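Here are the chains, one letter per residue:
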Amino acid sequence: MPCVGDWLNSPLSIVQGIFAQNAPNSDWEKKVTEYFKEKLKENNATNWVPSLNDVPVHYLKPNSLVKFRCMVQDMFDPEFYMGVYETVDPNTNARVLHFGKYRDVAECGPQQEIDLNSSQTVTSERQTFYCVPVPGESAWVKEISFLTEPVQARVSPSTSYTPSRHKRSYEEDEDMDLHPSKQKEQHMGKSSGGDIHGCVEPKRLETEASAGHHVISPNCSPPLDLNFPLPGEKGPACLVKVYESWESFKVNDVLEVFGVLSVDPVLSIVNSEERDSSSLDPMECMDTAEEQRVHSPPASLVPRIHVILAQKLQHINPLLPACLNEEESKTCEFVSNFMSELSPVRAELLGFLTHALLGDSLAAEYLILHLISTVYGRRDVLPLGKFTVNLSGCPRSSAFTEHLYRLIQQLVPASYHLRMSIESMNHSRFIPHKDYTANRLVSGLLQLASNTSLVIDETQLEQGQLDTAGVHNVTALGNLITWQKVDYDFNYHRMDFPCNINVLITSEGRSLLPSDCQVHLQPQIIPPNMEEYMSSLLTAVLPSVLNKFRIYLSLLRLLDYSISDEVTKAVEEDFVEMRKNNPESVTADDLHKMLLVARFLSLSAGQTTLSRERWLRAKQLEALRKARLQQQQCVNGNEL
């Protein structure tokens with residue numbers, strides 16, 4: 001068990017020590033990063049760092065080390081700050097050098113002033129990302145992540161937390177504005193991002209970020225929109241301030257960041273003061289009041305994290321190693337151990353999904369292939385590896401899709417159920433757009449992290465008229481499925497944002513949306529009570545088996561795959577032979593689809609290369625699927 005010392009509770013004291021030993025040499029910054037990197041490697045020390053995903057902000061100690069699993073929803077303009085500054089005592093003329101990195105508010109002792117003209121001052125730059133919890137993150141991901149943390153990392157409340165204390169009122173903030181002596185020593189310089197450095201003893205605000213899109217800000221009369229992409233999302237939004245290699249991060253990346261938590265109420269006071277003063281003198285600040293409100297929200301509602309270490313996440317499944325790097329022995333051991341028991345896990349998962357799909361084993365096979373599919377590359381604009389499945393023939397009256405989605409939600413780390421109706425198409429915001437007044441990217445339903453499962457339910461769709469917004473939303477869904485991209489709206493132009501979203505469409509007949517593969521459901525059983533039937537499926541599965549399903553689907557998506565020259569030649573010859581018998585029946589698109597099915601069929605069996613056996617099985621599955629569609633077409637007399 002690692003010792004929870006100063007590096008966890010008071011990381012800035014560690015930084016101060018390294019700075020004092022090495023300043024003004026710039027190497028002190030690298031040494032800080034190396035120090036924390038080594039500390040977090042020791043004995044699963046990352047589990048000892050409290051997570052903003054699990055612990056309410058008001059329970060965390062200000063300026064302590066925290067972690068946050070998040071998606072980059074927006075990135076603001078870079079901001080300047082004083083990386084190194086000098087204070088002077090007017091009485092003794094004693095000078096002290098300080099660091100400004102990892103801080104929002106400058107630190108200086110009593111009787112000290114900041115010397116803005118000091119030759120020791122170093123102006124640095126940092127990038128601010130607006131980050132939100134991963135959209136559609138499954139409850140089981142949160143629960144397992146929470147349970148893997150030691151109790152000390154979960155429930156150690158801030159010593160300044162007093163539940164009975166009220167939020168500071170707007171009138172109290174006005175009182176601070178009316179008595180400048182209270183703020184006399186705060187102002188020392190202004191960052192381009194709107195943060196003010198000052199010398200003040202911070203006092204804790206007990207204002208907690210609420211769940212959902214809107215929270216009431218203590219300093220703003222309109223509600224503060226936390227800009228979550230999906231409705232009903234919970235968790236904190238954070239301003240994540242990155243100091244190194246920020247160019248490697250982009251919008252929609254999923255990150256895990258470790259950094260210093262900043263919830264200083266001074267930020268709220270100063271930002272309120274800025275808004276008041278900017279209305280009096282427009283030339284003083286070019287930012288609009290709305291932009292200041294969005295970019296500098298109260299820290300108690302949108303805390304700041306000053307990043308010491310950050311990494312992109314390959315996945316968010318807490319049951320897998322965070323980084324599946326083959327060079328690490330523990331990771332290799334984990335993968336090899338799981339692969340050795342892959343066959344029975346696949347068989348159990350196939351049985352589970354067959355029951356979920358009302359006894360249809362062929363549809364269950366295709367659902368497995370869909371759930372492990374991923375975009376592995378792009379050729380020009382064509383995404384390679386996408387496998388959108390249209391499950392047609394779904395019963396409408398029994399809320400089948402709703403229950404099927406709940407089962408899928410228990411298997412994948414992130415998902416969203418989109419109920420397609422005329423009303424939702426006309427009134428929902430699918431595409432993110434740029435708000436130039438607030439200078440921010442306003443989120444939409446399709447701003448999702450990679451490998452999110454999107455289940456689109458067409459079974460409730462009725463006749464009606466799509467308005468302009470509805471047509472744009474349907475077009476956006478089509479582009480997402482066909483090209484795996486979303487065209488973000490920047491008013492004067494549109495910008496393509498590539499994505500990697502697994503789309504499953506349930507419908508009665510053939511879907512109105514494009515798909516890579518249509519599988520017509522043939523129920524073998526019709527349960528009298530669909531909800532009871534589906535619920536019993538989940539309760540019948542042991543938690544340990546359910547976890548194996550979750551590992552299976554996440555791990556296989558990350559495996560490499562290749563086709564040998566020998567098998568490639570055999571497939572080409574097979575294709576020529578099929579065309580020779582009936583040129584009309586097999587097209588180049590059919591070959592592409594069979595190769596896709598063969599790819600995911602091989603991976604589903606833990607094989608990273610295509611074998612002759614898997615190729616024949618893929619052909620067999622495709623033949624069964626097509627025969628079923630033709631049979632249904634003959635029954636209905638029209639194309640499905």
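Residues numbered from 1 in each chain as written. Predicted model: local features only at pLDDT ≥ 70, side-chain atom pairs only at ≥ 80, totals over all residues. Heavy atoms only, no water.

The name an unreviewed UniProt entry assigns to the protein chain is Mini-chromosome maintenance complex-binding protein, from the organism Loxia leucoptera. A UniProt comment under Subcellular location (unreviewed entry) is attached to the protein chain, and it reads "Nucleus". (UniProt positions renumbered as here; feature names shortened; annotations may be inferred.)

### Considerations on the nonpolar core
Within the largest apolar cluster, 69 residues are counted, with the highest numbers of intra-cluster contacts made by Leu391 and Phe400. Here this core gathers at least three residues from each of two domains, domain 2 (329-543) and domain 3 (560-639). Every residue in contact with Leu391, bar those within four places of it in the chain, is listed here: Leu357, Ala363, Phe400, Leu404, Leu504, Ile505, Thr506, Ser507, Val519 and Leu521. In terms of nonpolar packing, the next biggest core, distinct from the first, is built from 27 residues, Leu418, Phe430, Leu480 and Ile505 among them. (Core = buried A, V, L, I, M, F, W, Y, C linked by side-chain atoms within 4.5 Å. Buried < 20%, exposed > 50% of the residue type's maximum accessible area, 1.4 Å probe, protein only. Domains from an automatic or database assignment. Contact = heavy atoms within 4.5 Å.)

### Focus: the confidence of the model for the protein chain
Residues of the protein chain with pLDDT of at least 70 account for 83%, and the chain-wide mean is 85. In this model, residues 277-284 is a region of pLDDT below 50 whose contacts with residues beyond four sequence positions or in other chains number two contacts. (pLDDT = per-residue confidence, 0-100.)

### Focus on the packing of aromatic side chains
For the structure shown, the criterion picks out 12 aromatic pairs. Each ring, one from Tyr102 and one from Tyr243, has its centre 5.2 Å from the other, and the planes form 65 degrees; the classification is edge-to-face. On the criterion of sequence distance, the pair formed by Tyr102 in the loop between β3 (95-99) and β4 (113-114) and Tyr243 in the loop between β10 (238-242) and β11 (254-262) is long-range, its members being 141 residues apart. Judged by its relative accessible area of 7%, Tyr243 falls in the buried class. The interplanar angle of 15 degrees and the centroid separation of 3.9 Å between the aromatic rings of Tyr488 and Phe497 together place this pair among those described as stacked. The exposure class of Tyr488 is buried, given its relative accessible area of 1%. One aromatic cluster is present, built from ring pairs that chain together Phe19, Trp28 and Phe99. For the cation-ring pair, Arg126 lies above Tyr81, with the distance from its terminal atom to the ring centre recorded as 4.6 Å. The residue whose ring lies beneath Arg599 is Tyr376, and the NZ or CZ to ring-centre distance is 3.6 Å. (Phe/Tyr/Trp six-rings, centres within 6.5 Å; stacked < 30°, edge-to-face > 60°. Helix = DSSP H or I, 4+ residues; strand = E, 2+ residues; numbered from the N terminus. Lys NZ or Arg CZ within 6 Å of the ring centre and 35° of its normal.)

### Quick look at a nonpolar patch on the surface
A contiguous nonpolar surface patch, about 270 Å² in accessible area, is contributed by Val381, Leu382 and Trp483. Residue position: Val381 is located in the loop between β13 (377-379) and β14 (382-384). (Patch = residues over 30% accessible without salt bridge, like charges linked within 9 Å, V, L, I, M, F, W, Y side chains within 5 Å. Areas by Shrake-Rupley, 256 points an atom, 1.4 Å probe, with all protein chains shown as cover. Salt bridge = Lys/Arg side-chain N within 4 Å of Asp/Glu carboxyl O.)

### Focus: the sheet that holds strand β19 (residues 453-457)
Taken in spatial order, the five strands line up as β16-β19-β22-β15-β23 in an open sheet, and their pairing is parallel. Pairing within the sheet leaves two strands with one partner each, and these edge strands are β16 (415-419) and β23 (517-520). Here the strands of the sheet are splayed against their neighbours by 20 degrees on average, with no regard to which way each runs. Bridging between strand β15 (residues 389-392) and β23 involves four bridges; their strand directions are parallel. Within β23, the residue paired with Asn390 across the bridge is Gln518. (Pairing = 2+ DSSP bridges. Axes fitted to C-alpha atoms, helices over the stretch in contact; angles between N-to-C directions.)

### Structural notes on the pairing of β15
Burial along β15 is two-sided: the residues Val389 and Leu391 and Asn390 and Ser392 are all buried. Pairing geometry for β15 and strand β22 (residues 502-506), over three bridges, is parallel. Paired with Asn390 across the two strands is Ile505, which belongs to β22.

### Comments concerning the environment of Val375
Tracing the backbone through its elements, the reader meets Val375 in the loop between α11 (361-371) and β13. A relative accessible area of 16% means that Val375 is categorised as buried. When the C-alpha positions of Val375 and Gly385 are compared, they lie 4.4 Å apart, and in sequence the two are 10 residues distant. Beyond its immediate stretch of four places on either side in the chain, Val375 contacts Pro383, Leu384, Gly385, Lys386, Gln484, Cys499 and Asn500.

### Quick notes on the pattern of salt bridges
Scanning the model with the defined rule gives 31 salt bridges in all. Measuring nitrogen to oxygen at the nearest pair gives 2.9 Å for the salt bridge that ties Glu365 to Arg346. In this pair, Glu365 is assigned in helix α11 and Arg346 in helix α10 (residues 342-356), connecting sequence segments 19 residues apart. Residue classification places Arg346 among the buried positions, given a relative accessible area of 14%. In this structure, the salt-bridge partner of Glu508 is Arg396, at a minimum N-O distance of 3.8 Å. With Glu508 in the loop between β22 and β23 and Arg396 in the loop between β15 and α12 (400-409), the pair connects residues that are 112 residues apart, well separated along the chain.

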